[in-house]
Amino acid sequence: MAISYREWRDGDDLALLEIWGGPETEQARQFRGTLAPSGSAPWRRCIVAEDVVDGVAIPVAAGVVHEASLHPERLWAYLEVDRLHRRAGVGSTLLTMLRHEAAQSPSGVSRLRTKVEPGTPGAAFAEAAGLAPIQRSRLVVVEPGALRLPVFGDGSEAAAAEQVEDLATGSVELSDVVGRYYTAVHGWDSPGELSIGTVQRLFLDELSGAHGAIVLRAPKASAFGPGVPASKKGQLQAFAISYAELAPDKAAGEGAAKSGHPTDVFLGHEPKLPADEARAAVRDLLALIAFQHPVVLELDDSMEALRAVVEPLLESGKARLQGAETLVVSDPA
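None of the values given here were measured: they were computed from a predicted structure.

Engineer: Which residues make up the overall build of the protein, and what values go with them?
Structural biologist: Secondary structure assignment for the protein yields 10 helices and 14 strands. Considered along the principal axes of its C-alpha atoms, the protein spans approximately 85 × 40 × 35 Å. The proportion of buried residues among the 333 residues of the protein is 44%. Contacts spanning at least 24 positions in sequence make up 73% of the contacts within the protein whose residues lie at least 6 apart. In the structure as shown, the protein presents an accessible area of about 17,000 Å², 54% of it carried by carbon and sulfur atoms. The centroid of the 31 positive side-chain charges in the protein is displaced by 3 Å from the centroid of its 45 negative side-chain charges.

Engineer: Summarise the packing of aromatic side chains; cite the residues concerned and give the values.
Structural biologist: Applying the stated criterion across every chain yields a total of seven aromatic pairs. Between Phe-239 and Phe-266, the aromatic rings sit 5.3 Å apart at their centres with planes inclined by 85°, giving edge-to-face as the arrangement. Here Phe-239 is found in strand β10 (residues 236–243), whereas its partner Phe-266 is found in strand β11 (residues 263–269), with 27 residues between them in sequence. Taken as a pair, Phe-239 and Phe-266 share a single burial class, namely buried. An aromatic cluster is present here, built from Tyr-181, Tyr-182, Phe-203, Phe-239 and Phe-266 joined pairwise through their rings.

Engineer: Explain the confidence of the model for the protein residue by residue, including any values.
Structural biologist: The pLDDT averaged across the protein works out to 92; a share of 92% of its residues lies at or above 70. Predicted confidence is poor over residues 246–258, with pLDDT under 50, and the contacts of this stretch with residues over four places away or in other chains come to eight contacts.

Engineer: Explain the pairing of strand β12 (residues 295–300) to me, and be specific about the residues and the numbers.
Structural biologist: Counting buried residues along β12, five of its six residues qualify, which places the element largely inside the surrounding structure. In this structure, strand β7 (residues 132–142) lies alongside β12, joined through six bridges in antiparallel fashion. When the sheet's bridge partners are listed, Ser-137 is paired in β12 with Asp-300. With three bridges connecting them, β11 and β12 associate as parallel partners. Paired with Val-265 across the bridge in β12 is Leu-297. Between the parallel elements β11 and β12, the chain passes through helix α9 (residues 275–289) in a crossover that is right-handed.

Engineer: Now, about the packing of helix α6 (residues 172–184) against helix α7 (residues 196–204): what can you tell me, with residues and values included?
Structural biologist: Across the interface, α6 lies against α7 with an axial gap of 9 Å and an inter-helix angle of 85°. Classified by the interaxial angle, the pair formed by α6 and α7 is roughly perpendicular. Packed against α6, whose contacting residues are Val-172, Leu-174, Ser-175, Asp-176, Val-178, Gly-179 and Tyr-182, the element α7 presents Ile-196, Val-199, Gln-200, Phe-203 and Leu-204 at the interface. Split by residue class, the contact of α6 with α7 holds eight nonpolar, three polar and one charged.

Engineer: Can you break down the pattern of salt bridges residue by residue, with the values?
Structural biologist: Scanning the entire structure with this criterion turns up 24 salt bridges. Here Arg-9 and Glu-50 are joined by a salt bridge, their closest N and O atoms 4.0 Å apart. Note that Arg-9 is positioned in the loop between β1 (3–7) and α1 (12–20) and Glu-50 in strand β3 (residues 43–53), a separation of 41 residues in sequence. For Arg-9, a relative accessible area of 48% puts it in the partly exposed group. The closest approach of N and O atoms between Arg-307 and Glu-311, which form a salt bridge, is 3.1 Å. Pair noted here: Arg-307 and Glu-311 are both in helix α10 (residues 304–316), with a separation of four residues, about one helical turn.

Quick notes on the rules
Residues numbered from 1 in each chain as written. Predicted model: local features only at pLDDT ≥ 70, side-chain atom pairs only at ≥ 80, totals over all residues. Heavy atoms only, no water. Helix = DSSP H or I, 4+ residues; strand = E, 2+ residues; numbered from the N terminus. Buried < 20%, exposed > 50% of the residue type's maximum accessible area, 1.4 Å probe, protein only. Contact = heavy atoms within 4.5 Å. Areas by Shrake-Rupley, 256 points an atom, 1.4 Å probe, with all protein chains shown as cover. Lys, Arg positive; Asp, Glu negative; His and termini not counted. Charge placed at Lys NZ, Arg CZ, Asp CG, Glu CD. Phe/Tyr/Trp six-rings, centres within 6.5 Å; stacked < 30°, edge-to-face > 60°. pLDDT = per-residue confidence, 0-100. Pairing = 2+ DSSP bridges. Right-handed = clockwise from strand over helix to strand, strands pointing away. Axes fitted to C-alpha atoms, helices over the stretch in contact; angles between N-to-C directions. Parallel < 35°, antiparallel > 145°, perpendicular 65-115°, else oblique. Nonpolar A, V, L, I, M, F, W, Y, C, P; charged D, E, K, R; others polar. Salt bridge = Lys/Arg side-chain N within 4 Å of Asp/Glu carboxyl O.

What follows is the structure, encoded as structure tokens:
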């Protein structure tokens, strides 16, 4: 085995796919797309390991480290080694080279992070390299009717319409709450400053796949006391954004619903709510959106209100995991 290392070149992706075959994990599938030529906008360094066989250099492994505008306090890193070349120091050498490149990043950030599936060779390699879990994430399918429908106010349609609203995904009010919620549940890896425009681009505009949004509001309250009719909408307490990857048009969406295929939903709440009110708002909105059709939620351990609602459903069989857990692992602070 004669291993040499060089920068990534065009065509390496196809050569490595022939050697690697299909991705072993969902994380590998996602990260393979980050293997690309080194560059500075955004900053990226990508290295390939070749094994020279009968005078022919064959790519067998690759690693990448890069900056990201979202979550800028760490660099993303990924490396993959052909099964036949593992446990021979190739991965460790690539990681050392990536760390050397990271030490020269223009931002001055050098801590690495990546995503792994527990119990896999990648997770074991990351642990041996000193990367420790900073977050666990699960995809959870909530089955139809898992939660009893809430009763709003006096139980009338008018009372329900006062608190449940279809809201345009371009809403500044919605964007504000979504951005603050995302920041609040990512204290373990700060997303940095999120402007309204950034929030809309990442979570709410057409290119993000956002298909629609439903919000839950507090009951209307008059600013002039209980004797004066309320006219102002109640505070936005919780939101549910559906994504259209599984339903690119209305007809497809109806077909997906009829087949029981779960809809991808981002569910969150006003982060300033007290814990009990946040749980209640999330529970009520989840009961509504999953009343007739299943939904799939990304559940991070940091999402305390959502965990409090969803974990009992997992225990009772009214919800189930979709795929394996994901761990975000990082260099120590």
